Amino acid sequence: MGIATIAYPITNGVDYPEQCGVYRDNDKSFTPEIAKTMMEEEIENKKTTVWTTGHIFLSRDFWFAAVTCGLLLMDAVGTVTQSNAIISSFPNLNYTIIMMMVAIFGAFGS
């Protein structure tokens, strides 16, 4: 079902839900005219926006957030997968302390 959900719009060239006859967020209070107006405004905004993929990838803030969060999440995953080795190397530690480290890394990383 998931593959069909992704493949259907790609194969039919649909970019907006209004082109399929559905409304955003399944909000039935939209009339077809309002939905069409919103779609046309979004198409026009996409033509004039500065937020392109190239602009985002060249942004220093994007890379700072991506690398920082990525490293923290890698630390959390590494701590979970190596918790048995950490415990055996330091007999005074227990799983509660290891899981607390994972929670801290994961909280900041997500």
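Up top you'll find the structure we're talking about.
Okay, so let's go over this structure. Quantities reported herein were computed from a predicted structural model and do not represent experimental measurements.

### Some words on the overall build of the protein chain
Right, on to step 1. When its secondary structure is counted, the protein chain shows six helices and zero strands.
Right, on to step 2. Put simply, the protein chain runs from its N terminus to its C terminus through helices and strands in the order α-α-α-α-α-α.
Right, on to step 3. What you see for the protein chain is a C-alpha radius of gyration of 23 Å, clearly larger than the 13 Å of a compact globule of 110 residues, by over 25%.
Right, on to step 4. Projected onto its principal axes, the C-alpha positions of the protein chain cover 70 × 35 × 30 Å.
Right, on to step 5. Relative to its full complement of 110 residues, the protein chain shows a buried share of 14%.
Right, on to step 6. Counting only contacts in the protein chain whose residues sit at least 6 apart along the sequence, the fraction spanning at least 24 positions is 33%.
Right, on to step 7. Carbon and sulfur atoms make up 66% of the accessible area of the protein chain, which amounts to about 8700 Å² in all.
Right, on to step 8. Across the protein chain, the mean location of the 6 positive side-chain charges is 3 Å away from that of the 11 negative side-chain charges.

### Remarks on the pattern of salt bridges
Right, on to step 1. Tallied over the entire structure, the rule returns two salt bridges.
Right, on to step 2. Two residues, Glu40 and Lys36, come together in a salt bridge whose shortest N-O distance is 4.0 Å. Residue Glu40 and its partner Lys36 are located together in helix α2 (residues 32–48), separated by four residues, close to a single helical turn.
Right, on to step 3. By relative accessible area, Glu40 is classed as partly exposed at 43%.

### Points about the packing of aromatic side chains
Right, on to step 1. Scanning the entire structure with this criterion turns up three aromatic pairs.
Right, on to step 2. When the centroid spacing of 5.5 Å and the interplanar angle of 65 degrees are considered together, the rings of Phe57 and Phe62 count as edge-to-face.
Right, on to step 3. Classification of Phe57 as partly exposed rests on a relative accessible area of 43%.
Right, on to step 4. The rings of Phe57, Phe62 and Trp63 are connected pair by pair, giving a single aromatic cluster.

### Details of helix α4 (residues 60–81)
Residues spaced three or four apart along an α-helix point in a common direction, a consequence of the helix completing one turn every 3.6 residues.
Right, on to step 1. Relative to the 32 Å expected for 22 residues at 1.5 Å per residue, α4 spans 31 Å between its end C-alpha atoms, a close match to the ideal helical length.
Right, on to step 2. Residue Ser59 occupies the N-cap position of α4, its side-chain oxygen lying 3.4 Å from the main-chain nitrogen of Asp61.

Criteria and cut-off values
- Residues numbered from 1 in each chain as written.
- Predicted model: local features only at pLDDT ≥ 70, side-chain atom pairs only at ≥ 80, totals over all residues.
- Heavy atoms only, no water.
- Helix = DSSP H or I, 4+ residues; strand = E, 2+ residues; numbered from the N terminus.
- Rg over C-alpha atoms; globule rule 2.2 N^0.38 Å.
- Buried < 20%, exposed > 50% of the residue type's maximum accessible area, 1.4 Å probe, protein only.
- Contact = heavy atoms within 4.5 Å.
- Areas by Shrake-Rupley, 256 points an atom, 1.4 Å probe, with all protein chains shown as cover.
- Lys, Arg positive; Asp, Glu negative; His and termini not counted.
- Charge placed at Lys NZ, Arg CZ, Asp CG, Glu CD.
- Salt bridge = Lys/Arg side-chain N within 4 Å of Asp/Glu carboxyl O.
- Phe/Tyr/Trp six-rings, centres within 6.5 Å; stacked < 30°, edge-to-face > 60°.
- Expected span 1.5 Å × (residues − 1).
- Polar contact = N/O pair within 3.5 Å; in protein donor to acceptor, adjacent residues only side chain to side chain.

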